[in-house]
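# Residue-level structural notes
So the chains spell out like this:
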Amino acid sequence: MKDISLILKKAVLLSNEYDSKSVSHEIEKIPNIWCRLEDDSNLSWYLISKSDGKSVIEYYGYLSTKYPIALLMKECPKDIYKLLSEKGVLLEEYCERYSCEESILRRYVEDINLIDDRFLYDESIPFDDEAFLKIDEGIRYINPYNFAFDDVK
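Here we summarise the structure given alongside this text. Note that the structure is a prediction, hence the values are computed from the model and not measured.

## A look at the nonpolar core
If you look at the biggest cluster of nonpolar residues, it comprises 26 residues, and the most contacted ones within it are Ile69, Leu105, Tyr108, Ile142 and Phe147. Where this core is concerned, the elements lending two or more residues are helix H1 (5–13), strand E3 (45–51), strand E5 (69–72), helix H4 (102–108) and helix H6 (149–152). Considering every element that reaches this core, the biggest residue donor is H1, with four residues. Ignoring sequence-local partners within four residues, the contact set of Ile69 consists of Ile7, Leu8, Ala11, Trp45, Tyr62, Leu63, Ser64, Val89, Leu90 and Tyr108. Counting residues in each nonpolar core, the second largest holds 17 residues, with Val23, Ile30, Cys35 and Ala70 among its members.

## Focus: the pattern of salt bridges
With the rule as written, the count across this model stands at eight salt bridges. We note a salt bridge from Lys2 to Glu92, for which the minimum N-O separation is 2.7 Å. A residue pair is termed long-range when its members are at least 10 positions apart, and Lys2 in strand E1 (residues 2–3) and Glu92 in strand E6 (residues 90–93) qualify at 90 residues. The residue Arg118 makes a salt bridge to Asp116 at a minimum N-O spacing of 2.7 Å. On the basis of relative accessibility, which here comes to 35%, the residue Arg118 falls in the partly exposed class. Looking at Asp116, the relative accessible area reads 25%, which means it is partly exposed.

## Structural notes on a nonpolar patch on the surface
A cluster of nonpolar side chains, Leu120, Tyr121, Phe127, Phe132 and Leu133, forms an exposed patch at the surface whose accessible area comes to about 530 Å². Residue position: Phe127 is located in the loop between strand E8 (113–114) and helix H5 (129–136).

## A short note on the packing of aromatic side chains
Tallied over the entire structure, the rule returns eight aromatic pairs. A ring pair is formed by Tyr94 and Phe149, whose centres lie 5.9 Å apart and whose planes are at 75 degrees; its orientation type is edge-to-face. Highlighted residues: Tyr94 in the loop between E6 and strand E7 (98–99) and Phe149 in helix H6, separated in sequence by 55 residues. Pairwise contacts between aromatic rings join Trp45, Tyr62, Tyr94 and Phe149 into one cluster. For the cation-ring pair, Arg118 lies above Tyr145, with the distance from its terminal atom to the ring centre recorded as 4.0 Å.

## A short note on H5
One turn of an α-helix holds 3.6 residues; hence residues three or four places apart share an orientation. With a side-chain oxygen positioned 3.2 Å from the backbone nitrogen of Glu130, the residue opening H5 is Asp128. At the exit of H5 stands Gly138, carrying a positive phi of roughly 85 degrees.

## Some words on the environment of Ala148
On the secondary structure map, Ala148 appears in the loop between strand E9 (141–142) and H6. Ignoring any residue separated from it by four or fewer positions in sequence, one finds Ala148 in contact with Glu96 and Arg97.

## Quick word on the side chain of Asp117
Locating Asp117 in the fold gives a position in the loop between E8 and H5. The side chain of Asp117 sits in the buried core without any salt bridge; Arg118 is the nearest counter-charge, 6.5 Å away. Of the polar contacts made by the side chain of Asp117, one reaches the side chain of Tyr141; its length is 2.7 Å. Beyond its immediate chain neighbours, meaning those up to four positions away, Asp117 contacts Ile135, Tyr141 and Asn143.

Here is what the cut-offs are and how they apply
Residues numbered from 1 in each chain as written. Predicted model: local features only at pLDDT ≥ 70, side-chain atom pairs only at ≥ 80, totals over all residues. Heavy atoms only, no water. Core = buried A, V, L, I, M, F, W, Y, C linked by side-chain atoms within 4.5 Å. Buried < 20%, exposed > 50% of the residue type's maximum accessible area, 1.4 Å probe, protein only. Helix = DSSP H or I, 4+ residues; strand = E, 2+ residues; numbered from the N terminus. Contact = heavy atoms within 4.5 Å. Salt bridge = Lys/Arg side-chain N within 4 Å of Asp/Glu carboxyl O. Patch = residues over 30% accessible without salt bridge, like charges linked within 9 Å, V, L, I, M, F, W, Y side chains within 5 Å. Areas by Shrake-Rupley, 256 points an atom, 1.4 Å probe, with all protein chains shown as cover. Phe/Tyr/Trp six-rings, centres within 6.5 Å; stacked < 30°, edge-to-face > 60°. Lys NZ or Arg CZ within 6 Å of the ring centre and 35° of its normal. Polar contact = N/O pair within 3.5 Å; in protein donor to acceptor, adjacent residues only side chain to side chain. Lys, Arg positive; Asp, Glu negative; His and termini not counted.

Listed below in structure tokens is the structure:
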């Protein structure tokens, strides 16, 4: 699990002059590369991928629409890394699991509840009745101390 609090915070601070549309447009100038908004991400993240012109062949990462940050997979070509870096986009390796300070993660997931559910699995953490009731009701939530990128997008 990787703590991405610092880089997400830095991206928020650098967001004033960020234009994700122009960055996406530049990425799409690279042959066989798509940088398209993800429908299932509430239009908050672009999917960067290799394409055959009709469909996605390989996933390379994600680019935020709001903040200058990209989460890139190891297979992502060096020219994409270079272009994003030149455009002032912060780069982070795509991982299976993340953690992040709640106040920072809130900026990226405005419409999703954040609940620290570690009390369900760790007896040393006091039981949280209020949080348990929300979880039991089936609300959508993210545990900021253990989540996957798919939970955020």
